[in-house]
Amino acid sequence: MSCKDEKSTGEKDQAFTNLLDLKKLPKKVSPSSGATEVLKDWTEYNSLNTAFNAIYNCETDDDLIIVVEDLIEKEKLLSKSEYPEVFDMSDIKSRQKVFRTYVLKIKMNKNFNINPREAVIEMVDAFNAYNNQFSVVINRNIHSKILFDE
């Protein structure tokens, strides 16, 4: 009987440890100021960005599931939206697809009762790469304007 009590306590400790691990996620990277200027009018991107911030406030498995479901919906809306002209390119869209893949991986991990920590870190990294790509595109456009003006 005491062994059974220890096992149930261990399960609670394991769940608690998994949730604490989510607090040690990589920091979110924001696009450069030039990219932010273009992104400020893109409502669907801003909705996804706001929904993504909630991942850092997850305290329970239920919170994580709600955030992931919200991210899936926001990403669907974003993929159907009209991209700003400067960002309407495969470089941006491919990174968005990678982000979607990791969001879905988190959902599947939760469905199969697998610790989602690794998938959450991969999703944060994918979102950071997505945001970095906006900056790369803006900087690339600025450099080509300078080259062609000279």
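Reading the values: the criteria
Residues numbered from 1 in each chain as written. Predicted model: local features only at pLDDT ≥ 70, side-chain atom pairs only at ≥ 80, totals over all residues. Heavy atoms only, no water. Buried < 20%, exposed > 50% of the residue type's maximum accessible area, 1.4 Å probe, protein only. Helix = DSSP H or I, 4+ residues; strand = E, 2+ residues; numbered from the N terminus. Arc of directions from axis to C-beta. Expected span 1.5 Å × (residues − 1). Patch = residues over 30% accessible without salt bridge, like charges linked within 9 Å, V, L, I, M, F, W, Y side chains within 5 Å. Areas by Shrake-Rupley, 256 points an atom, 1.4 Å probe, with all protein chains shown as cover. Salt bridge = Lys/Arg side-chain N within 4 Å of Asp/Glu carboxyl O. Contact = heavy atoms within 4.5 Å. Core = buried A, V, L, I, M, F, W, Y, C linked by side-chain atoms within 4.5 Å. Axes fitted to C-alpha atoms, helices over the stretch in contact; angles between N-to-C directions. Parallel < 35°, antiparallel > 145°, perpendicular 65-115°, else oblique. Left-handed = near helix turned anticlockwise from the far one by under 90°. Nonpolar A, V, L, I, M, F, W, Y, C, P; charged D, E, K, R; others polar.

Novice: What exactly am I supposed to notice about helix α3 (residues 43–53) here?
Specialist: Within an α-helix, residues lying three or four positions from one another point in the same direction, as the helix has 3.6 residues per turn. Buried within α3 we find Tyr45, Leu48, Asn49, Ala51 and Phe52. Buried residues of α3, viewed axially, fall in a sector of 165 degrees; they line one side. Of the residues in α3, the exposed ones pointing more than 90 degrees away from the buried face are Thr43 and Thr50.

Novice: What should I look at first to understand helix α5 (residues 90–111) in this one?
Specialist: Over its 22 residues, α5 runs 31 Å from end to end, which matches the ideal 32 Å to within 8%, given 1.5 Å per residue. Taken from the residues just after α5, Asn113 is the one with a positive phi, measuring 55 degrees.

Novice: Where do I start with a nonpolar patch on the surface in this structure?
Specialist: A contiguous nonpolar patch, built from Met108, Phe112 and Ile114 and spanning about 310 Å² of accessible area, is present on the exposed surface. Looking at the secondary structure, you find Ile114 in the loop between α5 and α6 (117–149).

Novice: Sorry, what's going on with the environment of Arg100 here?
Specialist: Topologically, Arg100 is positioned in helix α5. On a C-alpha basis, the gap between Arg100 and Ala126 in space is 8.8 Å, while along the polypeptide they are 26 residues apart. In this structure Arg100 touches Glu75 and Ser79, once residues within four positions along its chain are discounted.

Novice: How do you make sense of unusual backbone geometry when you look at a structure like this?
Specialist: A negative phi angle characterises most non-glycine residues, just as the trans form characterises most peptide bonds. Within the chain, Asn113 stands out as a residue other than glycine whose phi angle is a positive 55 degrees. Residue Asn113 is classed as exposed on the basis of its relative accessible area of 70%.

Novice: Where do I start with the nonpolar core in this structure?
Specialist: Most often, soluble globular proteins have nonpolar side chains that are buried together. In this structure, Ile55, Leu71, Phe99, Met123 and Phe134 are the most contacted members of the largest nonpolar core, which totals 33 residues. Of all the secondary structure elements, the ones that give two or more residues to this core are α2 (33–39), α3, α4 (61–80), α5 and α6. In this structure Leu71 touches Leu48, Ala51, Phe52, Phe99, Val103 and Met123, once residues within four positions along its chain are discounted.

Novice: Looking at this structure, how should I read the pattern of salt bridges?
Specialist: Think of it this way: side chains of opposite charge can pair up when their charged atoms draw near. For the structure on display, the rule yields nine salt bridges. Lys93 is the partner of Asp88 in a salt bridge, and the nearest nitrogen-oxygen pair spans 2.8 Å. With relative accessibility at 44%, the residue Asp88 sits in the partly exposed group. Lys93 gets classed as partly exposed once you look at its relative accessible area, which sits at 31%. One salt bridge in this structure joins Lys105 and Glu122, with 2.9 Å as the shortest N-O distance. Separated by 17 residues along the polypeptide, Lys105 in helix α5 and Glu122 in helix α6 bring together distant segments of the chain.

Novice: Mind showing me how you'd approach the packing of α4 against α5 here?
Specialist: A packed helix pair is summarised by two numbers, namely the angle formed by the two axes and the spacing between the axes. Their axes nearest at 10 Å, the elements α4 and α5 cross at an angle of 150 degrees. Judged by the angle between their axes, α4 and α5 are roughly antiparallel. Read as a crossing pair, α4 and α5 show a hand that is left-handed. Between α4 and α5, the residues in contact are Asp61, Leu64, Ile65, Val68, Glu69, Leu71, Ile72, Glu75, Leu78 and Ser79 and Gln96, Phe99, Arg100, Val103, Leu104, Ile106, Lys107 and Lys110, respectively.

Novice: Is there a simple way to explain the packing of α3 against α4 in this structure?
Specialist: Interhelical geometry of α3 versus α4 gives an angle of 165 degrees and a closest axis separation of 9 Å. It follows from the interaxial angle that α3 and α4 lie roughly antiparallel. In this structure, α3 meets α4 at a crossing whose hand is left-handed. Between α3 and α4, the residues in contact are Glu44, Tyr45, Ser47, Leu48, Ala51 and Phe52 and Val67, Asp70, Leu71, Lys74, Glu75, Leu77 and Leu78, respectively. Taken together, the residues that form the contact of α3 with α4 break down as eight nonpolar, one polar and four charged.

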